[in-house]
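# Chain and residue survey
Here's the letter readout for the chains.
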Amino acid sequence: MTSSLKSPAATPAALPPETLVITGWSAVSPHGLTGRAFAAGVRSGAKTSVQPDEAYGPLPSPEVCLVPGFDIKGLLGPVGTAKMDRLTALTLVASDGLLQDAEGNRVVETDGRTGVVLGISMGSLENVTNFLKQSYTNALPFHVDAGRIPFGSLNHAAGATAIRHGLTGPNTTVAGGRVSGLLALNYARRLMGQGRATKYLVGSAEEFSAAHAWIEHTAVLPGDPSPLLGEGCGLFVVEHAGTAQRPALAAVLAVETRVDIDDDPGTAVTACVRRALAKAGVTADEVWAAVPSAAPTAAGRAEHEALTALLPAEALTKVPSMELLGDTSAAAATFQIQAVLSVAEGEPAAAGRIALVTAVDRDGAVGCAVLRLLDPNLAPNSDPNGATA
Amino acid sequence: MSTAQSPAAPRSGTPDGRRRVVLTGLGAISSIGTGVEEYTEGLRAGRSGARPITRFDTEGFGQNIACEVPDFEPERWIHRVPLDDMGRAGQFAVAAARMAVDDAGLTEADLGERQAVISVGTTDGESHDIGVLVEQEIAAGDPGALDPVLSRRINAGRLSTVIARELRMPNVEPTTITTACAAGNYSIGYGLDAIRSGEVDIALCGGADAVCRKAFALFKRFGALTPDVVRPFDRNRQGILTGEGAGILVLESLESALSRGAHIYAEVLGYGLSCDAAHATAPNRDGIARGIRLALDDAGVERDEIDFISAHGTGTKANDKTESAAILDVYGDSPPRTVAVKSMLGHSMGAASALGAIACSLAIENQFIPPTINHVETDPDCPLDVVPNEAIDAEVRIVENNSSAFAGNNAILILGTYGERV
Amino acid sequence: MTTVAPERLTRIREIIAENIDVHSEFSDTALFVDELGADSLKLIDVLSALEMEYSIVIDMNELPKMVNVETTYQVTAAAAGW
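So, here is what we can say about the structure in this document.

## Some points on the interface of chain A and chain C
Facing the 14 residues of chain A at the interface are 12 residues of chain C. Counting each side, the surface lost to burial between chain A and chain C is near 950 Å², with a carbon and sulfur contribution of 61%. On the chain A side of the contact with chain C, Lys83(A), His143(A) and Ala146(A) bury the most area, a combined 41% of that side's loss. Counting every contact that joins chain A to chain C gives 1 salt bridge. The partner of Glu18(C) in a salt bridge is Lys83(A), with the nearest N and O atoms 3.9 Å apart. Here the residues of the side of chain A that touches chain C sort into 7 nonpolar, 5 polar and 2 charged.

Written out as structure tokens, the structure reads:
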């Protein structure tokens, strides 16, 4: 199958103009604060787990995959950050990395029809549980820190991103745990398809907190281990191929989702992947790289088995396991796509090839995205160095 | 069922070839009535859902009124999924979805493998359960002393997936939308786009929320909780009452609805989304006005075609003044009648605009305009005909349903008569 | 008017600075809204923080009186019975 010639499909210009393409991305992850750090970390297969600071108090697990050096005030300045939740801060730092260069100059154009859609699990559990603790334990039940209230709204991070960058287009938050990154991507695809936005900032985010850790720990199903948790935010710029202002890194050929209604995640993943491949118009044999969510659950194992049965064996070894980032919950599916892009960036043979990402969530959602990896150097005005933050 | 109406006049601006989307089933759980019949009666009668809170301890708050759903019987509607698999918001969502598909005359065999969107909007999801978990931790002095049953069901994504499980619909996109108090309209809009795109023929959309301490303490802290009743657009309004419930609507492509001879309540003509990008919690006149204009454009509807506006109308000083100004910005000196169903329902958060959309559908179906109750004196800052206190019979063809939320999220929905009604 | 207790005034200044998000020096007569850029919601943040600090309740109707450090101290002192 390997050819020294570039496949025509690797050329962004060969795509139908309405094809959704990824033209930039950023990641704030356990590998570091930037897309560059993420890409380097993924390619090296670096371990990210650390012993958390004692300030977290007692935790159910000795290690966690935290974003290193994530000092909110240092990164975002003193104004408006004193009471900011970590989820919002992760998202804002990722949005800066997406839209700006290292000097803070805007490198992605936006306008009144630039949308934002962010996938989450349940927002900042630290914020909401602290709010409720105050309500239960203070002298009066409304003795709660009013300044923290706005950050407890599930749509705050996406709204704050809009405020920070002046984005007045459709602004949406979707919830779906590990599948939320794919739900967000599909949301952006749909709304752009209906002409509601010309460009989207799309991604997903999860924060680590003691509250999140204990809830995840107690939610574990019998037989599953207590999860090694991760956190972070991954964002993309997506545009239509015909109007893209920046070189396309990948085309989104299909995003399919499904619900496992029979407690049989393997069958649900299989059905979802088959449908996604069919919609993308590619065969399972064509899949060059596949990245499952690697959730530390029976569903995660079933997901892996389903992909193993469906896809070429080497596709599942192209990208190091997402386990290295910990269970990043809502951030996971976005990080999975970014991991493929990171590996592809270092492999010229990847251009034109098919990548597939799957996700399974505790609540029963299952998702699959099929992408065609593109060679951004083939695009007009290509600036591969500017493509990742 | 209402009498046959003349076909709707062609509306300008509707792109040729765009798929039409209609509402064929409604499921409502509210503090003023459950099911289409009771909910319609409640709206017509101007019933108030305000009652003493039973869901959490209100000691120390100095007030204890909310618009709870009384006597909710989840087992009437939820047959398959164990009730413990979801919190009260999830039970509302599933029950309303069951009601909506029953109302639409869709059997499980009809749904089955059909590709569909299930999109539930919510503000707080199962935050009541999160409150219980926090209580458990405090009581035990141990952060690990949490009930696993609750820990597993708190994520908002479950509100949509649990409907798929109950209705045995595996082939669905389960997109829970958490755009706070505008989430219901967002979800209906998403269903509209999914059907317009041609990718699905059916979508179950709406919103659900349950009364919880979080919302009550939050609005109390903001000084936005009325001590007695909700008086939207009134000079002496004092704030909201928190509320709860669910509204789920069956959205269907017109061809699918016609092919199975379904009853059509209304047509989903369009919607608009705008983001203020200005303030984390304050409503924004320009953002709301822009959302209204986007919705009218999407629907291909002229301003003078709107028969009434179902306002966001929370009853806070800030919202009602700002929303009124935005409405006047768009409509000029003679705006349509503008009513606030939150005067009856309280603020049911993520369910609010879904219940508002159902109210609009029922107004079209039954040719009446629901009232704004508790109204004494219209605020000069809100110079609107709010249809005070008594519903009126009226010719209702096209209706606008407003919603706004923290984080500057505005979603405006336009519904209209499906003219070729059989 | 009550006697101003210096340590309380210092603490109230800190609470105000934190809650209206001001990161430079300001006088006790500087107006929160007109000079320090606070909006009405920031004033609620101040009120709620003062309530929690001193386990008191300040009537929301007092908010319009809380225009600077000086008047905020007075409102707090009255609510706390200092």
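That was the structure; now back to the text.
## Topic: the packing of aromatic side chains
Counted according to the given criterion, the structure contains 12 aromatic pairs over all chains. Taking the centre distance of 6.4 Å and the plane angle of 75° together, the rings of Phe56(B) and Phe61(B) count as edge-to-face. Of the two residues, Phe56(B) and Phe61(B), neither departs from the other in class, the shared state being buried. When the centroid spacing of 6.2 Å and the interplanar angle of 55° are considered together, the rings of Phe222(B) and Phe406(B) count as tilted. Here Phe222(B), found in the loop between helix H8 (213–221) and strand S9 (245–253), pairs with Phe406(B), found in the loop between strand S15 (398–405) and strand S16 (409–416); they are 184 residues apart in sequence, far enough to count as distant. As far as burial versus exposure is concerned, Phe222(B) and Phe406(B) are alike and both buried. Through a chain of ring-to-ring contacts, the aromatic side chains of Trp25(A), Phe38(A) and Phe335(A) assemble into a single cluster. Taking NZ or CZ as reference, Lys220(B) lies 5.1 Å from the ring centre of Phe142(A), over its face.

## Details of helix H11 (residues 317–331) of chain B
Residues and elements named next belong to chain B. Along its 15 residues, H11 runs 21 Å from first to last C-alpha, staying within 8% of the 21 Å computed at 1.5 Å per residue. Within H11 the residues assigned to the buried category are Asn-319, Asp-320, Thr-322, Glu-323, Ser-324, Ala-325, Ala-326, Ile-327, Val-330 and Tyr-331. Looking at the buried residues of H11, the elements they touch are helix H10 (285–299), strand S11 (308–310), strand S12 (337–339) and S15.

Definitions and cut-offs
- Sequence positions are assigned chain by chain, starting from 1 and proceeding in written order.
- For naming, the first written chain is A and the first written ligand is 1, with later ones following in the order written.
- Reporting of local features is limited, given that this is a predicted model, to residues whose pLDDT is at least 70; pairs of side-chain atoms are given and counted only at 80 or more, and all residues count toward the totals for whole chains, interfaces and linings.
- Excluded from the side-chain calculations are hydrogens and water; all other atoms, namely the structure's heavy atoms, are used.
- Residue contacts are defined here by distance: any two heavy atoms, one from each residue, within 4.5 Å place the two residues in contact.
- Throughout, buried area stands for the accessible area (probe radius 1.4 Å) lost by two parts on being put together, summed over both.
- By definition, a salt bridge exists where a carboxyl oxygen of Asp or Glu is found within 4 Å of a side-chain nitrogen of Lys or Arg.
- Residues were grouped as follows: Ala, Val, Leu, Ile, Met, Phe, Trp, Tyr, Cys and Pro as nonpolar; Asp, Glu, Lys and Arg as charged; and all remaining residues, including Gly, as polar.
- Only Phe, Tyr and Trp rings take part, Trp by its six-membered ring, and two of them pair if their centres are within 6.5 Å. Stacked means planes under 30 degrees apart, edge-to-face means over 60, and tilted covers everything else.
- For every residue, the accessible area obtained with a 1.4 Å probe (protein chains only) is divided by the maximum for its type, and the residue is called buried under 20%, exposed over 50%, and partly exposed between those limits.
- Elements are defined by DSSP. Helices are runs of H or I of four residues or more, strands are runs of E of two residues or more, and each kind is numbered from the N terminus.
- A ring is scored as having a charge over it whenever the NZ atom of a lysine or the CZ atom of an arginine sits within 6 Å of its centre and within 35 degrees of its normal.
- A helix is expected to span 1.5 Å multiplied by its residue count minus one.

Any functional reading would require information beyond the geometric quantities listed.
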